[in-house]
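Descriptive analysis of the structure
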Amino acid sequence: MAKDSYLVGLIGSGIGPSLSPALHEREADRQGLRCLYRLIDIDTLGVPPQAVGDLVRAARDLGFDGLNITHPCKQLVIEHLDALAPQAEALGAVNTVVFEGGRAIGHNTDVTGFAASFARGLPDVPLERVVQLGAGGAGAAVAHATLTLGAGRVTVVDALADRAAELAAALNRHFGAGRADAATPDRLAQLLARADGVVHATPTGMAAHPGLPFAAELLHPGLWVAEVVYRPLETELLRTARALGCATLDGGGMAVFQAVDAFRLFTGHEPDAARMLADIAELAGAVGVQK
């Protein structure tokens, strides 16, 4: 008999402002399902990111149907799972775990989530030279998505040079030589001066990590700016870029479209993306592109 009740959760750091519980629970209600979505904040629990394996096991033992995984656990969780979907394996990052017959299966819905949001919000921007800031779990996903969307070349910038180099090498293996390279933050001014757009994929700008990820004077009107952070939707980076006349994309669309895919994995039911976009617009302000 098909289930009509689901228990899911989110593991991460500083996740109090997350809109995931409301997005999943509202859509479940509209479909006549019961969904309880719980926040499992490692900061509140006072445990390190490395405890993610214990938390996943505890959730499985307590009867959870699945979990979302966010910063800083998307890569750390992998060694604690029983299997990975191809997308998650290719990325080396997991944002969704589904429990099936006692096994924990890792998926990644960030790639499809970012691609769908970008295609909807910045459909006509040039993509020849893209700079991406951040090579962590979210960074791996959005870099794959950006190249899938047709970007000519993505330069990955990260304070951890080895991490940026590893991601660039993985992208070149997947998409072909010369599609990606790595750089350190001291080269940002030179890179952004020549870029078509910049994708921001670090936690800077989140409610728990306010501020700009790089100096405001590196922005210029010819640059489009895509943000992964969605708590808040209006980050300081987007506000600064928009004031200069840049086309911008907030992180709300990615949050919705990755949730659409996660909802389908958790429940087997098809969610209504348009309704969920309306939800996030109501919960956190307008979603999408502002020019």
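An account of the accompanying structure is given in this report. (Residues numbered from 1 in each chain as written. Predicted model: local features only at pLDDT ≥ 70, side-chain atom pairs only at ≥ 80, totals over all residues. Heavy atoms only, no water.)

1. Details of unusual backbone geometry
This is how the line gets drawn: Going along the chain from the N terminus, every DSSP run of H or I of four or more residues is numbered as a helix, and every run of E of two or more is numbered as a strand.
Geometrically, the link from H71 to P72 is a cis peptide bond, its omega value of 5° lying close to zero. Counting through the fold element by element, P72 comes out in the loop between β3 (66-69) and β4 (83-84).

2. Describing the pattern of salt bridges
Where we set the bar: Salt bridge, as used here: a side-chain nitrogen of Lys or Arg that lies within 4 Å of a carboxyl oxygen of Asp or Glu. Only protein chains enter the accessibility calculation, which uses a 1.4 Å probe; a residue whose area is less than 20% of its type maximum is buried, one above 50% is exposed, and one in between is partly exposed.
A full pass over the atoms with the stated rule returns 15 salt bridges. A salt bridge links D279 to R26; the nearest nitrogen and oxygen atoms lie 3.2 Å apart. With D279 in helix α11 (residues 273-284) and R26 in helix α1 (residues 20-30), this residue pair connects regions lying 253 residues apart in the sequence. Classification of D279 as buried rests on a relative accessible area of 5%.

3. Overview of the environment of D43
Test applied: Contacts are assigned to residue pairs with any non-hydrogen atoms lying within 4.5 Å of each other. As used in this structure description, the phrase polar contact means that two N or O atoms lie within 3.5 Å; if the pair is within protein, one of them must be able to donate a hydrogen and the other to accept it, and residues adjacent in sequence are counted only when both atoms belong to side chains.
When you line up the elements, D43 lands in helix α2 (residues 42-45). Residues D43 and S13, spaced 30 residues apart in sequence, show a C-alpha to C-alpha distance of 5.7 Å. Once residues within four sequence positions are removed from consideration, D43 is found in contact with S13 and G14. Separated by 2.9 Å, the side chains of D43 and S13 make a polar contact.

4. Considering the side chain of D65
Take D65: it is sitting in the loop between α3 (52-61) and β3. A relative accessible area of 14% means that D65 is categorised as buried. Here K3 takes part through its side chain, which lies 2.3 Å from a polar atom of the side chain of D65. With sequence-adjacent residues up to four places away left out, D65 is seen in contact with K3, S5, Y6, L7, V8, V98 and F99.

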